Amino acid sequence: MSSLTERSALGAGLVAADALPGVLVVGQSLYESLLSGLSSPAPECLVAQDWPGAREQLTRQWVGVLVVDTRVPLSPGWVQELTQRWPDVRGLLVLNEAPEGESEHAAAMVRGGDSDVALPEAFQRLFRQHLPWTLVRAVEHAQQHYWLERETRRLRAEQALSQPVVQARLAAHRQQLQQSRGFERIIRLPGSPLDGLCHLAARIAGFDVPVLVTGESGTGKELMARAIHSASLRSEMPFLALDCGAVSDELLESELFGHCKGAFTGASAHRIGMLERAQQGTLLLDEIGDASPAFQLRLLRFLQEGEIRPVGTNTVRQLDVRVIAATHRDLAAEVAAGRFREDLYHRLNVATVALPALRERPEDIPSLAEALLMQLASRHGVRVSGFGPGVLDCLSAQPWSGNVRELENQITRMLMMTTGATIGLELLPEALRTPPHAGMFREEPYREEYREEPCRKERGREGWGCDGWGCEERSKWPVRREAGGAARSDIRAEQTDGGLGAVPGEHCVRDSLRQSHPASTTAPAATLREQIELLETRCLLDALTRHAGNKTRAAEELGLSRIGLRAKLKRYGIDYGIEGGDAAGPSDAT
């Protein structure tokens, strides 16, 4: 049966895909001998008395094995016809046991008298005296061989047809994987400070140089490093991350460079370092600013020479690894302080990506919060549709000192408490429901708070006025100093016409609010960040004023710790002129 006939029979469902082909026997006596030896279930057996009959059976039926009796005379040229039209058919020649010359004569008679034509290699010779068991086994083996060859051809054809489809799917999957780990995963709005930074990082990714990623804790430094790796030529190679601040100095070298068995106590087996595992890929060294001087020296040699030497061995190995370092510290200041090697800093600082804090891109908070909510809901199996009214406004108004990590933790807490389809405002903590600067501009007189306060001369400490409002010392307010140390004259408090103490910068804040009022068509004179800083400065000074400089009480009112309040005062340059402690309020006097 030809291959076309076979495919037609299979396509029409006439035979099963795992069915075996039929057996065609040329010779009646041999046919009967074969039937007597076959067991059930037996393959389909066909019989023909000569070659024309065999040709007709081969054309109409699916035949995989041809058994030829040498006692039956065949037409000249049947071997060539069989080889050309049915090359896949396996053949069996049944010969009489005779001397070699007579066997060759019988084979020549099978070839139709044409001694120049060789029998196909697929033909197997059998002797009649071994029938029927050898014939039965030979037929079964020939059928299996035929089926295996057919399956091999089918699989090769399917592979050839499916190869373009598989390659297209792999390319699509690879692109989707790169997008899921690339800059598309970094959520930001057009015009956001992070948007331009991502474009810069995408250009840096194409250059095979070290990258230094800086930013506060929780800003997504590892996410940016993964995006750079995915956009680089090493995207299909490994990406590994090592937290230099979480591993002790003794184990850091072993973790990075590897060690041999017996190199130190507890080294019971050989260990491949992360640099070697990241061969031709990317290694992220997180919190590189916390690394020890000894480790910095080993890392510097690798960056210069591309060589490592595992702990406990003298073997030097050449590696090709791209290094991305991340830190929340100011490495330039660390270099100036002598805590970080200057040469290593210059090796790492080939390309720098400085991530902004979340408070510096408040326009991204709504989109970021919604994306985090969907991710967390899918991870924990909670069905929510989004945030309720007012929630995103409250989230956007917060400074988020912990950046994206703090925002994610807050959304997780709300997700755990929700019982409805949306995250409502009632799930927000009380501190987050009220905007951080609400109620800052209450027109309350503070004259009575200071009427009974002793002056600076009586208390023996600087920063406070005397009993009378006309005292010169009373009118002196704290001075906000710039980075260069110069005092800002517009921060010094002044007496208002009504005799009320004015908070430093109050006129600037009020002017900004008046300009940004909806009824006004004038654009704000200051940026949103500057206005927020002015408002937060006013809030801090309000609290300190109400509590007569008692930082403990002011911190409790603001919901801050004493350390947090000191940090904010230091950040805004607020100096009350008190060295070594807080001013004591009325209740603190002894």
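You'll find the structure just up there.
Please read all numbers here as calculations on a predicted model, not as lab measurements.

What counts and how
- Counting starts from 1 at the beginning of each chain's written sequence and moves along it residue by residue.
- Local features in this predicted model are restricted to residues whose pLDDT is 70 or higher, and side-chain atom pairs enter the listing and the counts only when it is 80 or higher, whereas totals over whole chains, interfaces and linings include all residues.
- Side-chain numbers here rest on the full set of heavy atoms in the structure, without hydrogens or water.
- A run of DSSP states H or I qualifies as a helix once it reaches four residues; a run of E qualifies as a strand once it reaches two. Both are numbered from the N-terminal end.
- When accessible area is computed with a 1.4 Å probe and restricted to protein chains, residues below 20% of their type maximum are described as buried, those above 50% as exposed, and intermediate ones as partly exposed.
- Interaxial angle, 0 to 180 degrees, is taken between N-to-C directions of lines fitted to C-alpha atoms, where a helix line uses only the stretch in contact.
- Should an angle fall under 35 degrees it is called roughly parallel, over 145 degrees roughly antiparallel, and 65 to 115 degrees roughly perpendicular, with every other angle called oblique.
- For any pair of crossing helices, the crossing counts as left-handed if the nearer helix is rotated counterclockwise from the farther one by less than a right angle, and right-handed if it is rotated clockwise.
- Residue contacts follow a heavy-atom distance rule, with two residues in contact if any of their heavy atoms lie within 4.5 Å.
- Residues were grouped as follows: Ala, Val, Leu, Ile, Met, Phe, Trp, Tyr, Cys and Pro as nonpolar; Asp, Glu, Lys and Arg as charged; and all remaining residues, including Gly, as polar.
- His is not counted, nor are the chain ends; Lys and Arg add positive charge and Asp and Glu add negative charge.
- Take a side-chain nitrogen of Lys or Arg and a carboxyl oxygen of Asp or Glu: if they are within 4 Å of each other, that pair is a salt bridge.
- Picture the helix axis, draw a direction to every C-beta atom, and the arc is the one those directions span.
- Remark: nonpolar core denotes a set of buried residues (Ala, Val, Leu, Ile, Met, Phe, Trp, Tyr, Cys) joined through side-chain atoms within 4.5 Å.
- Planes of paired rings set the category: under 30 degrees apart is stacked, over 60 is edge-to-face and the rest tilted, where pairs are Phe, Tyr or Trp rings (Trp by its six-membered ring) whose centres lie within 6.5 Å.
- Two strands qualify as a pair provided DSSP detects at least 2 bridges between them.

Participant: If you had to explain the overall build of the protein to someone new, which residues and values would you point to?
Facilitator: Scanning the protein for helices and strands turns up 23 helices and 18 strands. Counting all 590 residues of the protein, 41% fall into the buried class.

Participant: How would you explain the packing of helix α14 (residues 365-380) against helix α16 (residues 403-417) if you had to name every residue and give the values?
Facilitator: Two elements in contact, α14 and α16, have axes whose closest approach is 10 Å; the angle formed by their N-to-C orientations is 50°. One way to sum up the angle between α14 and α16 is to call them oblique. Helix-helix and strand crossings are classified by hand; for α14 and α16 the assignment is right-handed. Contacts between α14 and α16 involve I365, L368, A369, L372, L373, L376, A377, R379 and H380 from the former and V404, L407, E408, I411, T412 and L415 from the latter. Here the contact of α14 with α16 is composed, by residue class, of 11 nonpolar, two polar and two charged.

Participant: Talk me through the side chain of D286; I want residue IDs and the actual numbers.
Facilitator: Within the secondary structure, D286 is located in strand β10 (residues 282-286). One buried charged residue, D286, remains without a salt bridge, the closest side chain of opposite sign being K221 at 5.4 Å. Contacts of D286, omitting those with residues within four sequence positions, involve K221, L242, D243, C244, G245 and A326.

Participant: Talk me through the environment of A325; I want residue IDs and the actual numbers.
Facilitator: Position of A325 among the secondary structure elements: in strand β13 (residues 322-327). When sequence neighbours within four positions are dropped, the list of residues in contact with A325 reads V211, L212, V213, L284, L285, I288 and L348.

Participant: Any details on helix α4 (residues 78-85)? Residues and values, ideally.
Facilitator: Every buried residue of α4 is accounted for by W78, V79, E81 and L82. Viewed along the axis of α4, the buried residues span an arc of 165°, placing them on a single side of the element.

Participant: Residues and numbers for the nonpolar core, please.
Facilitator: The biggest cluster of nonpolar side chains holds 29 residues, and the ones touching the most others in it are L256, L275, L285, I288, F295, L299 and F302. Elements supplying a minimum of two residues to this core: α9 (249-257), α10 (274-277), β10, α11 (293-305), β13, α12 (331-336) and α13 (342-348). Broken down by element, the residue count for this core peaks at five residues, all from α11. Other than its neighbours up to four places away in sequence, L256 contacts L242, G273, M274, L275, L283, L285, F295 and L299. Core analysis: the next-biggest nonpolar cluster, separate from the first, contains 23 residues, I365, L395, L407 and L415 among them.

Participant: Now, about the packing of aromatic side chains: what can you tell me, with residues and values included?
Facilitator: The final tally for this structure, using the stated rule, is two aromatic pairs. Look at W51 and W78: their rings are 5.5 Å apart centre to centre, the planes differ by 50°, and that puts the pair in the tilted class. With W51 in helix α3 (residues 51-60) and W78 in helix α4, this pair connects stretches of sequence that are 27 residues apart. Relative accessible area serves as the criterion here: at 1%, W78 is assigned to the buried category.

Participant: Can you explain the pattern of salt bridges? Please cite residues and give values.
Facilitator: Inspection of every chain in the model, using the stated rule, returns 22 salt bridges. A salt bridge links D320 to R234, with the shortest nitrogen-to-oxygen separation between them at 2.7 Å. Of the two residues, D320 sits in the loop between β12 (317-318) and β13 while R234 sits in the loop between α8 (221-230) and β7 (239-243), which places them 86 residues apart along the sequence. Owing to a relative accessible area of 36%, D320 belongs among the partly exposed residues under this scheme. A relative accessible area of 8% places R234 in the buried class. Between R546 and E557 there is a salt bridge, with its nearest N and O atoms 2.4 Å apart. With R546 in helix α21 (residues 528-546) and E557 in helix α22 (residues 551-558), this pair connects stretches of sequence that are 11 residues apart. What emerges from the salt-bridge pattern is a single network uniting R150, E151, R154 and E158.

Participant: Which residues make up the sheet that holds β13, and what are the values?
Facilitator: Taken together, five strands build an open sheet; the order of strands is β7-β10-β13-β6-β14 and the sheet is parallel. Each having just a single partner strand, β7 and β14 (351-354) make up the two edges of the open sheet. Neighbour-to-neighbour, the strand axes of this sheet turn through a mean angle of 20°, independent of strand direction. Two strands pair when backbone bridges link them, and β10 and β13 are joined in this way by five bridges, in the parallel orientation. The partner of D286 across the bridge, within β13, is A326. Sheet strands touched by helix α7 (residues 193-205): β6 (211-214), β13 and β14. Its angle to β14, the strand with the most contacts, is close to 155°.

Participant: Now, about helix α23 (residues 562-571): what can you tell me, with residues and values included?
Facilitator: Within α23, the full set of buried residues consists of L565, K568 and L569. Angularly, the buried residues of α23 cover 100° about the axis, an arc narrow enough to put them on a single face. Away from the buried face of α23 by more than 90 degrees, exposed residues I563 and K570 are located. Buried residues along α23 sit in contact with α21, α22 and β18 (574-575). Following α23 by one or two positions, G573 has its phi on the positive side, about 70°.

Participant: Before we move on, could you go through the side chain of D69 and cite the residues and values that matter?
Facilitator: With respect to the helices and strands, D69 occurs in strand β3 (residues 63-69). Judged by relative accessible area, D69 falls into the buried class, the value being 2%. For D69, the residues in contact, after removing those within four places along its chain, are V26, S29, L30, V94 and R128.

Geometric descriptors of this kind do not, in isolation, establish any biological role.
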